[in-house]
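# Survey of secondary and tertiary structure
As a plain string of letters, each chain reads:
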Amino acid sequence: MSDGFIHRRTVTVNNDQGLHFRPCQLIAQLAQQHQGTVVLTRGETRADAKSLMDLLTLAAERGTSLELEATGTDASVVVEKVCELFANGFNSPPPP
Amino acid sequence: MMQIKRGIAVSPGVAIGQAMVLGTENFRIPNRYVSENGVEFELSRFQSALDAVCEEIAVNEKLVRGMLGDQYAAIFSAHLMLVKDPHLVEQIETRVRQNQSPEFAVTQVLGQYAKKLQNLGGHYLAERSDDIFDLEKRILRHLLGERREELSHLTAPVLVLAHNLSTSETAKLNREFVLGFATEVGGHTSHTAILAGAMEIPAVVGIGKLLADVSGSDTVIIDGSHGIVIINPDEDTLIKYRDSDERYRSHTKRLISLSTLPCETKDGVAIEMLGNIEFPGEAESCKEKGAVGIGLYRTEFLYLESNREPTEEDHYQAYCQVLKAFPNQPVVIRTLDLGADKMPGNLRSIYAEDVNPALSVRSIRLSLQHLQLFKTQLRAALRAAEFGDLRIMFPLISTLLEFRQAKMVLSDVVEDLEEQGIQFRRDVPLGMMVEVPSAAIMAEEFAQEVSFFSLGTNDLIQYTLAVDRADQAVANLYRSGDPSILRLIRNVVNAARKHNIPVSVCGQMSSDPVFLPLLIGMGIRQFSVTPHAIPELKEVIRNLTISRAEIIAARAETLEVARDVENYLGGELKRLCPDLMQLD
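Residues numbered from 1 in each chain as written. Chains lettered and ligands numbered in written order. Predicted model: local features only at pLDDT ≥ 70, side-chain atom pairs only at ≥ 80, totals over all residues. Heavy atoms only, no water.

### Let's talk about the overall build of chain B
Across its full length, chain B holds 23 helices and 16 strands. Counting only residues that meet the buried cut, chain B has 56% of its 584 residues in that class. For chain B, the accessible area works out to roughly 24900 Å², and carbon and sulfur atoms hold 50% of it. (Helix = DSSP H or I, 4+ residues; strand = E, 2+ residues; numbered from the N terminus. Buried < 20%, exposed > 50% of the residue type's maximum accessible area, 1.4 Å probe, protein only. Areas by Shrake-Rupley, 256 points an atom, 1.4 Å probe, with all protein chains shown as cover.)

### A closer look at the pairing of strand E5 (residues 178-183) of chain B
Residue and element names in this part refer to chain B. Within E5, 5 of the 6 residues are buried, which leaves the element mostly enclosed by the surrounding structure. The pairing of strand E4 (residues 158-162) with E5 spans 5 bridges and is classified as parallel. Across the sheet, the residue bridging to leucine 161 is alanine 182, located in E5. (Pairing = 2+ DSSP bridges.)

### Some words on the packing of aromatic side chains
Residue and element names in this part refer to chain B. Within the structure shown, the criterion is met by 4 aromatic pairs over all chains. Within the aromatic cluster, the residues linked to one another by ring pairs are Phe374, Phe394 and Phe403. Seen from the ring of phenylalanine 326, lysine 287 lies directly overhead, with NZ or CZ sitting 5.7 Å from the centre. Here the guanidinium or amino end of arginine 555 rests over the ring plane of tyrosine 568, the centre of that ring lying 5.6 Å away. (Phe/Tyr/Trp six-rings, centres within 6.5 Å; stacked < 30°, edge-to-face > 60°. Lys NZ or Arg CZ within 6 Å of the ring centre and 35° of its normal.)

### Examining the environment of Phe177(B)
Residue and element names in this part refer to chain B. The residue phenylalanine 177 is located in the loop between helix H6 (167-172) and E5 in this model. Residue phenylalanine 177 is classed as buried on the basis of its relative accessible area, which comes to 17%. Measuring from C-alpha to C-alpha, the distance between phenylalanine 177 and valine 158 comes to 6.1 Å, with 19 residues separating the pair along the chain. Setting aside anything within four residues of it in sequence, one finds phenylalanine 177 in contact with Leu154, Thr155, Ala156, Pro157 and Val158. (Contact = heavy atoms within 4.5 Å.)

### Overview of the interface of chain B and chain A
Across the boundary between the two partners, chain B contributes 21 residues, which contact 17 residues of chain A. Across the chain B/chain A interface, buried area totals approximately 1700 Å², and carbon plus sulfur atoms make up 73% of it. In this structure, the connection of chain B to chain A is made through 0 salt bridges. Counting across the chain B and chain A interface gives 5 residue pairs in polar contact (both at pLDDT 80 or more). Put simply, the parts of the chain that give the side of chain B that touches chain A at least two residues each are helix H2 (70-84), helix H3 (86-97), helix H4 (102-119) and helix H5 (123-150) of chain B. Counting residues per element, the side of chain B that touches chain A draws most heavily on H2(B), at 7 residues. (Buried area = accessible area lost by both parts, 1.4 Å probe. Salt bridge = Lys/Arg side-chain N within 4 Å of Asp/Glu carboxyl O. Polar contact = N/O pair within 3.5 Å; in protein donor to acceptor, adjacent residues only side chain to side chain.)

### Some thoughts on the sheet that holds strand E10 (residues 294-298) of chain B
All names here are of chain B. The strand order around the closed barrel built from 8 strands is E9-E10-E11-E12-E13-E14-E15-E16, with neighbouring strands paired in parallel fashion. Averaged over neighbouring strand pairs, the angle between their axes works out to 25 degrees when direction is ignored. In the sheet, E10 pairs with strand E11 (residues 330-334) via 3 bridges, with the strands oriented parallel. Of the residues in E11, the one forming a bridge with isoleucine 294 is valine 331. Strands strand E9 (272-277), E10, E11 and strand E12 (389-394) of the sheet are contacted by helix H11 (residues 312-325), whose axis makes an angle of about 155 degrees with E10. (Axes fitted to C-alpha atoms, helices over the stretch in contact; angles between N-to-C directions.)

### Things to note about the packing of helix H14 (residues 371-384) of chain B against helix H15 (residues 400-419) of chain B
All names here are of chain B. Relative orientation of the contacting elements H14 and H15 amounts to 60 degrees, with a least axis distance of 9 Å. Along this stretch, H14 crosses H15, giving a crossing that reads as right-handed. Counted together, Leu371, Phe374, Lys375, Leu378, Arg379, Leu382 and Arg383 of H14 and Ala406, Val409, Leu410, Asp412, Val413, Val414, Asp416 and Leu417 of H15 form the full contact between these two elements. A class-by-class count of the residues in the contact of H14 with H15 yields 10 nonpolar, no polar and 5 charged. (Left-handed = near helix turned anticlockwise from the far one by under 90°. Nonpolar A, V, L, I, M, F, W, Y, C, P; charged D, E, K, R; others polar.)

### Considerations on unusual backbone geometry
Here Ala59(A), not a glycine, exhibits a phi torsion of approximately 45 degrees, which is positive. For Ala59(A), the position within the fold is in the loop between helix H2 (52-56) and strand E4 (65-70). By relative accessible area, which is 11% here, Ala59(A) ends up buried. Of note, Asn99(B) is a non-glycine position whose phi angle comes to about 75 degrees, a positive value. Tracing the sequence through the fold places Asn99(B) in the loop between H3 and H4.

### Some details on the side chain of Thr376(B)
All names here are of chain B. On the secondary structure map, threonine 376 appears in helix H14. Judged by relative accessible area, threonine 376 falls into the buried class, the value being 19%. Filtering out sequence-adjacent residues up to four positions away, threonine 376 remains in contact with Pro310, Thr311, Glu312 and His315.

### Observations regarding the packing of helix H18 (residues 457-465) of chain B against helix H19 (residues 483-498) of chain B
All names here are of chain B. Between H18 and H19, the shortest axis-to-axis distance is 10 Å and the interhelical angle comes to 125 degrees. Looking at the two axes, H18 sits oblique to H19. Crossing geometry of H18 relative to H19 is assigned as right-handed. For the pair H18 and H19, the contacting residues are Leu460, Ile461, Thr464 and Leu465 in the first and Ser484, Ile485 and Leu488 in the second. Taken together, the residues of the contact of H18 with H19 break down into 5 nonpolar, 2 polar and no charged. (Parallel < 35°, antiparallel > 145°, perpendicular 65-115°, else oblique.)

### Describing H14(B)
Residue and element names in this part refer to chain B. Spanning 14 residues, H14 covers 20 Å between terminal C-alpha atoms, matching the ideal 20 Å at 1.5 Å per step. Burial within H14 is extensive, with 12 of its 14 residues counted as buried. Within H14, the full set of buried residues consists of Leu373, Phe374, Lys375, Thr376, Gln377, Leu378, Arg379, Ala380, Ala381, Leu382, Arg383 and Ala384. (Expected span 1.5 Å × (residues − 1).)

Structural data, given as structure tokens:
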């Protein structure tokens, strides 16, 4: 299942409200589709990215840097997608 | 480890068996631990509670989407995700596998998250903790609600332990499987206690902290004669109780053998013992206990039991069933005696929740504000009266005007029935409960307008002493022997005698053998009591002479405080019937 590699990237929160409900939800939805692990770390605090609850406890505001880590098949893909979310400020256009 | 809890004894007898613990929404932790072999069952209970919550949220989401649009509905999809959060579910399930109850585990895990969010600082996250509490509440409601549901589908005998049982829940208890019950709140005269007595289920109420110390499969003893609950009794205690259970049964048997003997004093004065009932089905067993009629049929259980407003036919059938058991003896129908807060269906929502229900729209006041409801009941009573000695009694009358108003409604109903050519009895005696101090004080005037008085001591004491009978904090101030109560009773008895109308006592006070000699000595010759108390009361009566009773009453009426009155009466009872107390 695993290619043996841990894929890491640093991401920065750049939306105004920080990691509130909606962004966390989007991250968790993405992570849950991935078979391996996806973890976001802020200093000492590690959050299972599949858990909305865990992500909320990161309490990441605008400007916070987080370490993103993924393992398992296509770990690089999931890392890429999560980074994209951060990059565009979770700006999935609100449904009409 | 064995634990002994004390509460208020409200229904005698001993029950030994397995505990079934019920919680409520406000009471968060019904039991902390589950037994090893209960784990799988508890896990599946948790899973179905989660499923139910998901369904609930999905319904809300759809509703909000329709009303406010997608953006608002997104809040719910986040909630939905929270419920399905794998990490969360896993943590709770792990705790259940370690024998924590799902209710407890949910509270713990969600509580931790909520705390974390609150501590992280930031307004937004702190507010999110409310979402988590909301979620917790939803899950608990399903976990606990389901439990309550189980109560009506029992298949094995249990002892029910609860924070509180509502009157309607008590009414629905399956007598075949519920051997006894115990509650943390409640007092002597709460409806639940009265009902337990009527159903002859051993019960203890007002125990205080209980549920946190007991879990689902524990063995429990409920001693309803002494107000004791024992959790996980040791072998010696079990043996002792099994033994006393047997003695209680044989004592009851001996008393029942009295039921064929006349109910009269040693010097041959007849005392009428009628029964208080809640359900028509009780009439037969009431008769077996020696009752010579029904002195108080609490018709509100018709409303509580079905959870909807009963139809005229429902009333009619119920009354006819009672009259069938007592075709030639008095059957007193008390019209609806409920607070608006306890009414099923639409009525409840009409009244604000924060008013004091004891002083608000209840009983006759409710009937007079909802004439259709009142007339339905009166029609049924007048029609059923054709088949026996039915009498109608209005509860909670506080002024003459109120009684006259109620009487006028009855005249309207008579007119309607006449016009419609429906058969009914015209000369049904019309009486009132004397249970508001104002009515007791004005007894002289009332006696000229009513056919009979019935002293409702429960409410009379509550209103006179300003003590809520169910409130633990003041329950010790609720004293039947208070001189003020005796004085009001004296006033009512004198007025009834002067105007030659019958007066009976139907409150809990009359079921207590301690007060019986006093009340007889004051001139009361008719009682309406919990059926199971009749044999015991009869024994007291058969040991008593009227002259002795009069001496006791005269002495008691000179005493100044409740404690002295009750001590004196207790001593006198012991002298009259030394055998009666041997159960201690």
